[in-house]
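One-letter residues, chain by chain:
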Amino acid sequence: QVQLVESGGGLVQAGGSLGLSCAASGRILSINFMGWYRQAPGKQRELVAGISSGGSTNSADSVKGRFTISRDNAKNMVYLQMNSLKPEDTAVYYCNAIIRTSWASTALNYWGQGTQVTVSS
């Protein structure tokens, strides 16, 4: 019923920039939190940055000053602009959203399929 579809990502040299986009579609009443997580090989999935429906943001210390999260509530989209990329930013990046589909249901957690970001040194 609800899908999160990411786009962007790819291979970039250290110091470069990439942008990620995520579109939520389906039966959506409201979207609370939207965010980006990442998971590197052998590591746990971690929150990169999140944004509330009101626009409040938070981000991991490791990306502060380099990554910027934003969202378009009218389009049900969230974006992640990544600048000054480092090899340690290499990971699969997942879009995440907490979405309510009807007045009769509670908000549930949804995930995108993930997109690979590789930063070469």
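Residues numbered from 1 in each chain as written. Predicted model: local features only at pLDDT ≥ 70, side-chain atom pairs only at ≥ 80, totals over all residues. Heavy atoms only, no water.

1. Regarding the nonpolar core
Trp36, Leu80, Met82 and Tyr93 are the most contacted members of the largest nonpolar core, which totals 30 residues. Counting only elements with at least two residues in this core, the list comes to strand S1 (2–8), strand S3 (18–26), strand S4 (30–39), strand S5 (46–51), strand S7 (67–72), strand S8 (77–82), strand S9 (91–100) and strand S11 (115–120). At five residues, the largest contribution of residues to this core is made by S9. (Core = buried A, V, L, I, M, F, W, Y, C linked by side-chain atoms within 4.5 Å. Buried < 20%, exposed > 50% of the residue type's maximum accessible area, 1.4 Å probe, protein only. Helix = DSSP H or I, 4+ residues; strand = E, 2+ residues; numbered from the N terminus.)

2. Thoughts on the environment of asparagine 32
Within the secondary structure, asparagine 32 is located in strand S4. For asparagine 32, a relative accessible area of 35% puts it in the partly exposed group. As a C-alpha pair, asparagine 32 and serine 52 span 20 residues in sequence and 5.9 Å in three-dimensional space. Non-local contacts of asparagine 32, meaning those with residues more than four positions away in its chain, are made with Ile51, Ser52, Ser53, Arg71, Ile98 and Ala107. (Contact = heavy atoms within 4.5 Å.)

3. Considerations on the packing of aromatic side chains
Centre-to-centre distance and the angle between the planes together describe a pair of aromatic rings. Inspection of every chain in the model, using the stated rule, returns one aromatic pair. For the cation-ring pair, arginine 45 lies above tyrosine 94, with the distance from its terminal atom to the ring centre recorded as 3.7 Å. Here the basic side chain of arginine 45 rests over the ring of tryptophan 111, its NZ or CZ set 4.6 Å away from the ring centre. (Phe/Tyr/Trp six-rings, centres within 6.5 Å; stacked < 30°, edge-to-face > 60°. Lys NZ or Arg CZ within 6 Å of the ring centre and 35° of its normal.)

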